[in-house]
Number of protein chains: 2
Amino acid sequence: MVTLKQLAKELNVSISTVSKALNNSEEIGEETVRRVKELAELYNYKPNKVALSLKQNKTKTIGVIIPNILNHFLAKVLFGIEREATKLGYHIITCISNESLEKEKESLQLLANGSVDGFILCVAEETQIKNEVEHFKTTISQGLPIVMFDRVAHDVMCDKVIVDDFDATYNATKGLLKEDRKKIAFLSNIEDLSVGKLRERGYAKAVLEENRQEPLILKINKNDDQQKNIRSFLKKNKDIDGVIAADSSSGIIAINAAVNLGKKVPKDISVIGFASKSDAIHAFPRLTTIRQHAKVIGAETAQMLIHRLENMDLKEDVKTKIVKTSVVKNDSTLN
Amino acid sequence: MVTLKQLAKELNVSISTVSKALNNSEEIGEETVRRVKELAELYNYKPNKVALSLKQNKTKTIGVIIPNILNHFLAKVLFGIEREATKLGYHIITCISNESLEKEKESLQLLANGSVDGFILCVAEETQIKNEVEHFKTTISQGLPIVMFDRVAHDVMCDKVIVDDFDATYNATKGLLKEDRKKIAFLSNIEDLSVGKLRERGYAKAVLEENRQEPLILKINKNDDQQKNIRSFLKKNKDIDGVIAADSSSGIIAINAAVNLGKKVPKDISVIGFASKSDAIHAFPRLTTIRQHAKVIGAETAQMLIHRLENMDLKEDVKTKIVKTSVVKNDSTLN
DNA sequence: CTGAAAGCGCTAACAG
DNA sequence: CTGTTAGCGCTTTCAG
C-alpha cells in the first residue's frame, strides 16, 4: 500500500501538503493539487483505514453478535444490517454467540478494545434463561452503545427494535377463530425465548377470550425429533382443526404431517406459522405465514445505532421501535 | 478506554515501563510488574486494537465476501469460518455481494485499505457468468491473499476449497440406478453456477454410461414459481421414478409434489437432493441428502488463509483442497 | 532495571 | 500557499 509519505517524497513536497491536497483543502495551490491527485490516482492511493481510526478515535465498524446464523430470520436481519451499514459507510464485524452466554460475553469483551464503535445484538438463549445483563451494562458504560433486536433484555437501558409478537399470534389465532375452527393448537420449539413466551400468550389470550377451548400447546425441545413429535401430536388429537406455529419449522412440518395423516389442508385443518417466503414453499399447500420483516428490522437497528454513534454528544434518550408483523395469506388457511 | 499513558502517569513510571511490564518483559522488576498489573486489572485495561494494528501492520481481521447469506449452505460455511477464525484469534468482517459483480468489486476495494489482512470469498453469480477475474488478481497483487470456496475462479492463482460436485451427483445417480430406476430426472435452479454445471455433468455421465435413458433435465429460473414448475414437470413426465436435485429446495419440493400427485415415496419415486439436515425434515418422508459439510469447508478456508497470512515469507504454492460430500440416507430412497 | 525516542499513517493547528 | 510539529496508542531499540 502506498502511503502519503511515499507520494510526498516522489513529489518533493511535505506529507501534509499531500494530505491537504487530497482532502481538497483550500490552502493548496491548484497546480499542486493536480500533481498530487494524479500521482495518487496512478498509485491507487487509499488512506490507511487503521491510521484514520487511530487518529479519529472511531472505526466506522459495528460489532454484530448473532446467536445463530443458521436461523433464517436472524440471517435475514443480518442481511438487512449489512446492507444498511454499508450504505451508511460502516463495516460489520460478525460474531456468533451460538446461544451461549459465555461466547456472548467473550465477543463483547474481544471487540470492546477499539475494534468497533458500537454493537448490534440479539440476546443469546442462555443469557435469557439465566437473565444475565451485567455484561451489557458494562459495555454501555464503557461508551459503546448497544442496539438490541428481537430478543431483548428489558433491564438494560439501550435502543431496541422488537416485533409485536403478542399481537401477531393473537391476531393470527383470531383469524382461525373466524374460520370457525374449534380446536386450535399451538406448536413451539422456542419456549425458552422471550419472543416464544409472548407468542404463546397472544395465542392463549385469543382462544380464552372467545371461551371456546382451553389452550392446547405442544412444546418441543431442541433435541427432540420434531417431525415425529408433531405427527404423533396431531394423531393423538384428531380433532385439531387449526395450528399456530411459533417457530420457523413447526408450521411446515405440521402441514406435511397433516397431509400425510390423510387430512385436507386447509379444509380440515388450517395452519399459520412464522416463516419466510422461501421456507413457506417447502410445504404443500404453501404455508400461510406471519412475516416479521427481518430486513426492515436489520435496517432499523443499523440506522438507530449509527444515528446514536454520530450524535453521541446529544445524549438522546433510548428508544424502542416496534416493527409490525404482517400475515401473508398462502394456501394453508381459508381466508 | 484506559491507555498506557494514564496508567504510567498514575504509577509515576514511563509508558514503556508499563508496556513492558504488561508484556512480561524480563527487563522489569518484579515489584513494578506487580504494581502495574494490579492497576491495569483494576482499570480493566485492554491494549487498543487499532494502535496495535497500525504498529504491527496487520489487523488480525479477515474480509469475508459471501454472495447470499440466506442460502443455507453459504450461511453454514460462514458459521464455520467464524468459528475457526475466532479460535485462531481473528475477527471477520462480512460483506454480502448479493451475487453482484459490482458489489463484489466494491467490497474488495473497500477493505483493501488496511482494514483486513486477507479475504475469503465465494464468487458471485454475475461474476461467474461474465467470467471477470481482474479484481481478484489486483487484490492479490496488492499483497492481500484470497481463499476461494465452492464457486471458484479457475483462472486466479489462489488457495481454494471446493466440493466434489461432479462425483457427488455421479454417485448419487448411480445409487438410484442400482435401485433399478428407469427414468431419473435432474432438477436445478443453479444452472448458471460452476457447481451447478458440474452437478449436471455428474448426473448425465451416470445415466448415459448405463445406456438406459437420455438425461431428463428441468432447469428452473430464479424468478419462476418453483413449486408449480416442479409439480407440472412431474405431472407431465409420469414415468419419472427417480430425482436428483442440484439445489437446496428442489428435492424437498419434489417430494411434496410427488406425494401430492398420489405417488408413494420412495416406492414409486426416489429423491436425492443437496440439502442440510434442518431442511431435510421439511419433507415427508425425509429427503435423502447429499451433504456438503459446509462447516468443514468454512473451517478449512479459514485455516488455509490464516496459515498463509502467518507464513507470508514462505511464499508457498497455492493449494486446492477438495472436501468430499457424503450421502445421508433418509426416507426418500430405498437404499 | 527504567526511560527517552522513534515510528506505524494520518490530520490539523500553527508558523512561516 | 507550503511546511513543521504534535499527537492518536502502542512496541521496541537504544541510552542511561
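The rules behind these values
Residues numbered from 1 in each chain as written. Chains lettered and ligands numbered in written order. Predicted model: local features only at pLDDT ≥ 70, side-chain atom pairs only at ≥ 80, totals over all residues. Heavy atoms only, no water. Least-squares fit on C-alpha atoms with pLDDT ≥ 70 in both. Near = heavy atom within 4 Å. Polar contact = N/O pair within 3.5 Å; in protein donor to acceptor, adjacent residues only side chain to side chain. Buried < 20%, exposed > 50% of the residue type's maximum accessible area, 1.4 Å probe, protein only. Helix = DSSP H or I, 4+ residues; strand = E, 2+ residues; numbered from the N terminus. Pairing = 2+ DSSP bridges. Right-handed = clockwise from strand over helix to strand, strands pointing away. Salt bridge = Lys/Arg side-chain N within 4 Å of Asp/Glu carboxyl O. Nonpolar A, V, L, I, M, F, W, Y, C, P; charged D, E, K, R; others polar. Phe/Tyr/Trp six-rings, centres within 6.5 Å; stacked < 30°, edge-to-face > 60°. Contact = heavy atoms within 4.5 Å. Buried area = accessible area lost by both parts, 1.4 Å probe. Disulfide = S-S within 2.5 Å.

(A) Quick peek at the relation of the copies chain A and chain B. When chain A is fitted to chain B, the residual RMSD is 0.1 Å, and the transformation amounts to a turn of 180° plus an axial shift of 0.0 Å. The operation mapping one copy onto its partner corresponds to a two-fold rotation axis. Taking C-alpha positions as the reference, the residue of chain A nearest the rotation axis is I93(A), at 2.2 Å.

(B) A look at the protein's contact with DNA strand D. DNA strand D sits among 26 residues. The nearest are S16(A), T17(A), K20(A), K55(A) and Y45(B). Close to the protein, within 4 Å, the atoms of DNA strand D are drawn from sugar and phosphate at a rate of 58%. Within the side chain of K20(A), one N or O atom sits 2.3 Å away from a base oxygen of DNA strand D. A distance of 2.9 Å separates a phosphate oxygen of DNA strand D from a polar side-chain atom of T32(A).

(C) Structural context of the pairing of strand 2 (residues 91–96) of chain B. All names here are of chain B. Burial within strand 2 is extensive, with 6 of its 6 residues counted as buried. Both faces of strand 2 are covered, namely the face carrying H91, I93 and C95 and the face carrying I92, T94 and I96. Where strand 1 (residues 61–66) meets strand 2, 6 bridges bridge the pair, whose relative direction is parallel. When the bridges of strand 2 are listed, T61 appears paired with H91. The handedness of the strand 1 to strand 2 crossover, carried by helix 5 (residues 72–87), is right-handed.

(D) Expanded view of the pattern of salt bridges. In the structure shown here, the tally under the stated rule is 47 salt bridges over all chains. Its salt-bridge partner being D159(A), residue R308(A) comes within 2.6 Å of it at the nearest N-O pair. Highlighted residues: R308(A) in helix 14 (residues 294–309) and D159(A) in strand 5 (residues 159–163), separated in sequence by 149 residues. The salt bridge partner of R34(B) is E38(B), with a shortest N-O separation of 3.0 Å. Of this pair, R34(B) and E38(B) both sit in helix 3 (residues 30–42), separated by 4 residues, roughly a single helical turn.

(E) View of the protein's contact with DNA strand C. Near DNA strand C lie 25 residues; those nearest to it are L4(A), Y45(A), T17(B), K20(B) and K55(B). The protein-proximal atoms of DNA strand C, defined as those within 4 Å of the protein, are 61% sugar or phosphate. One of the backbone N or O atoms of N48(A) is found 3.1 Å from a phosphate oxygen in DNA strand C. Measuring from a base nitrogen of DNA strand C, one finds a side-chain N or O atom of K55(B) at 2.5 Å. Those elements that provide at least two residues to the surface near DNA strand C are helix 1 (4–11), helix 2 (15–22) and helix 4 (49–56) of chain A together with helix 2 (15–22) and helix 4 (49–56) of chain B. Its residues assigned to classes, the surface near DNA strand C shows 9 nonpolar, 10 polar and 6 charged.

(F) Focus on the packing of aromatic side chains. All told, the structure shown has 4 aromatic pairs over all chains when counted by the stated rule. Ring centres 6.2 Å apart and planes at 10° place the aromatic pair F166(A) and Y170(A) in the stacked group. Here the residue F166(A) and the residue Y170(A) both occupy positions in helix 9 (residues 165–178), the gap between them amounting to 4 residues, near one helical turn. Look at F166(A) and you get partly exposed, because its relative accessible area is 26%. Summarising the aromatic geometry, the rings of F186(B) and Y203(B) are spaced 5.0 Å apart at their centres and angled 25° between planes, so their arrangement reads as stacked. Note that F186(B) is positioned in strand 6 (residues 184–188) and Y203(B) in helix 10 (residues 194–209), a separation of 17 residues in sequence.

(G) Spatial organisation of the interface of chain A and chain B. Each partner contributes residues to the interface: chain A has 52 residues there, and chain B has 52 residues. Taking both sides of the interface into account, the surface hidden between chain A and chain B amounts to around 4,800 Å²; carbon and sulfur atoms contribute 60%. Ranking the residues of chain A by area buried against chain B places Q227(A), H282(A) and F284(A) at the top, with a combined share of 15%. Our count for the chain A to chain B interface comes out at 4 salt bridges. Here R286(A) makes a salt bridge to D225(B), at a shortest N to O gap of 3.0 Å. Summed over the shared surface of chain A and chain B, the result is 20 residue pairs in polar contact (both at pLDDT 80 or more). Contributing elements (two or more residues each) for the side of chain A that touches chain B: helix 4, helix 5 (72–87), strand 2 (91–96), helix 6 (101–111), helix 11 (226–236) and helix 12 (250–260) of chain A. With 7 residues, helix 5 of chain A is the largest single contributor of residues to the side of chain A that touches chain B. Of the residues contributing to the side of chain A that touches chain B, the split by class is 22 nonpolar, 20 polar and 10 charged.

(H) Structural view of the state of the cysteines. Residue and element names in this part refer to chain A. A complete count under the given rule lists 0 disulfides over all chains for this structure. We note that C95 lacks a disulfide partner, and the nearest cysteine sulfur, in C122, lies 14 Å from it. Note on C158: no disulfide assigned, nearest cysteine sulfur contributed by C122 at a separation of 12 Å.

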